[in-house]
Each structure stands twice: as structure tokens, then as C-alpha cells.
Amino acid sequence: MANNIKFGERLTGKNRYKKLYHYTSFDSFVRIWCTQSLKFGEVMGVNDIQEKDRPVTITNMQQLPLGPALNNMRNKTYKQLSFTMDFDTYLKGCMSPMMWGYYGGKCSGVCIELDFDKLKFPKDVIKGPVRYVKYLKRDLELPPNLETEKDLKIYVRKNAKEIFLTKQKSWSSENEYRVVCPDQDKLDISGAISAVYLTSYDSLECLMVEKLLEKTDIPIQFLHYKSYGRENIAVPVLTDTKTYREQIEKAKSNPNNALAKISKQAEEHYKKYKGNENASLIKKEYTL
């Protein structure tokens, strides 16, 4: 592994979510930055088929109206936000290739790091790490003593972990921390953004993020990989975008940079024979 990289150690308790990470597209990031808020989504908007479809089991036929009442409360009244936690002491929540592909604009978006202690959670919030189980209970079973919507609200709060914070084990790689609220549209994140991550250092999106954040001291870094050991393992690393870009540009413009000269000649050789599948792409001589 690179000299300054060490294998991570397991995180436990609150250490898992001292920092939370929200993956989003670049366009959504602009809205988030300008409003300093994250928009809650409907519970039914999740991409997990088992979460979408949770039937209600009622043993007392007189309670049947409570079924649609519970579904409406769960799917309309309550809304949620999802974050990724740190995986261990080295692998930060912004280092997940899967999350970048699924939720980070197919690697052209942004990952926002948030300081948990600075988030302004509503008083009636339900929040916590998602628990992953081998088998998810199929039905939500209503006790026979429930009668009113107030009873349902108490039931939902009492069983919040099972209803909102439990998923099937196949989703465990998301390492999710979930926030669920009734009748809330946005979560105030003003003052809570502690870093912003991208997967490039010179893309238009990167330059625009730097412009948006230029009057702040929020770090902007990009995720890339270094090789480690004889096995050539790809290890994720984070580097300041502006510093890295300036180093690359300085190296390219350095007249004494032999590698840059060779690379340019190699590229020119390829372009010369591009499309000719019988042409040799072996360049025997380089000029320094």
C-alpha cells in the first residue's frame, strides 16, 4: 500500500456515523448548496422491492380500516433521507464505488460529507444505522388493541426500527444511516458540510464546485486509486483537487519533463495510425 496508507480498523457505536455522506448528481448538489438543505423523499420512493411492499396483517376483522390508515401514514406522512457511514477507520463513506455508480451521477456527481453533531434534526425524528438481517419479516402485524390513528402513531414509533431501519442483508454494502420524519420536507444542513468529494480533479463539475465553495474553507477532494503490494491492489485515496491539478499542469509545462515529452510523442503516434488495424503501434524511437 502507499506509504501513508494503513488498513482500517472496525468502527463501533457512534464512531460509525460521526460523519455522514450523501451522494448526489451535480445538478442536485447545486440546489443543495444554494438552499443548504436536503430534501426528504417518500418512503415508497426507495429502490428496495421489499420495503415498497410490506403488507399489514390484521387478525381482528373490525380493525380492517387500520390497514389503509397505516399504509397512508407509513408511505405519505413519513419521509426519509439516506446517508452512508464510514466503513472503517480508513475507508470513508465517500469511498464506495457502488454508491458513486448508483447515486453519484454515475461517478460524475458529488458526495457531500456532513458533520453529524452539526445537523439540525427535527424533534420527532427517527434516525439510526440500518440493521441488516438475513430474512426480513414479510408482514407488519397490528396488535388487536389498536383503534385510532393516535394508536397507530404510537405503534409506528414503538416499532420504528423494524418498520424503517431494517433491511435485507443484500443491501448491507450501502452501510446506510437513515433519517425518517413525519410531515417534513427538508433537513437543514447549514454549517454541517465538512467536505465535498468528486471523482475527478479537472472536470467542469469539479471546477464549478470549486467556484461555488471558493469563499469557504470546506475541503474539496477527489477519489482516485493507488496500487499496493505485489498483488497490485487498487487502494482508494483522497487528494485536494486544486493542488493536484496545479501539480499536473506544472509537470506538463516543465521543459525538462522527459516523461511528458515521451507521452506526447506516443499519443501522436497513436493518432497517426488510429483506425488502421494493421499498422504497428510500436514506436521504436523517441526524441528528448
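Definitions and cut-offs
- Residues numbered from 1 in each chain as written.
- Predicted model: local features only at pLDDT ≥ 70, side-chain atom pairs only at ≥ 80, totals over all residues.
- Heavy atoms only, no water.
- Helix = DSSP H or I, 4+ residues; strand = E, 2+ residues; numbered from the N terminus.
- Buried < 20%, exposed > 50% of the residue type's maximum accessible area, 1.4 Å probe, protein only.
- Contact = heavy atoms within 4.5 Å.
- Patch = residues over 30% accessible without salt bridge, like charges linked within 9 Å, V, L, I, M, F, W, Y side chains within 5 Å.
- Areas by Shrake-Rupley, 256 points an atom, 1.4 Å probe, with all protein chains shown as cover.
- Salt bridge = Lys/Arg side-chain N within 4 Å of Asp/Glu carboxyl O.
- Lys, Arg positive; Asp, Glu negative; His and termini not counted.
- Charge placed at Lys NZ, Arg CZ, Asp CG, Glu CD.
- Pairing = 2+ DSSP bridges.

K.L.:
Any chance you could explain the environment of M95 here in plain terms?
P.N.:
Tracing the backbone shows M95 in the loop between β5 (78-84) and α4 (97-103). What makes M95 buried here is its relative accessible area of 7%. Expressed as a C-alpha distance, the spacing of M95 and D117, which sit 22 residues apart in the sequence, is 21 Å. Apart from residues lying up to four places away in sequence, M95 is in contact with Y23, Y90, L223, Y225, P236 and L238.

K.L.:
What is the right way to look at a negative patch on the surface in this model?
P.N.:
A cluster of like negative charges, contributed by D202, D240, E246 and E249, occupies part of the molecular surface. Relative to the assigned elements, D202 resides in the loop between β13 (193-198) and α7 (204-212).

K.L.:
Please clarify how the pairing of β13 should be interpreted in this entry.
P.N.:
Two faces make up the sheet, and in a regular strand the side chains alternate between them. For β13, a buried count of 6 out of 6 residues is recorded, marking the element as mostly surrounded by other parts of the structure. Relative to β13, strand β6 (residues 110-115) runs antiparallel, the two being bridged by 4 bridges. Bridge pairing in β13 links C111 to Y197. With 3 bridges connecting them, β13 and strand β14 (residues 220-228) associate as parallel partners. Across the sheet, residue V196 finds its bridge partner in β14, namely I220.

K.L.:
Any chance you could explain the pattern of salt bridges here in plain terms?
P.N.:
For side chains of opposite charge, pairing can occur when their charged atoms come near one another. Counted according to the given criterion, the structure contains 10 salt bridges. Salt-bridge contacts for K76 lead to E42; the nearest nitrogen and oxygen are separated by 3.9 Å. Residue K76 is found in helix α3 (residues 66-77), and its partner E42 is found in strand β3 (residues 41-42); the two are separated by 34 residues along the sequence. For E42, a relative accessible area of 37% gives the class partly exposed. A salt bridge links K79 to D185; the shortest N-O distance between them is 3.3 Å.

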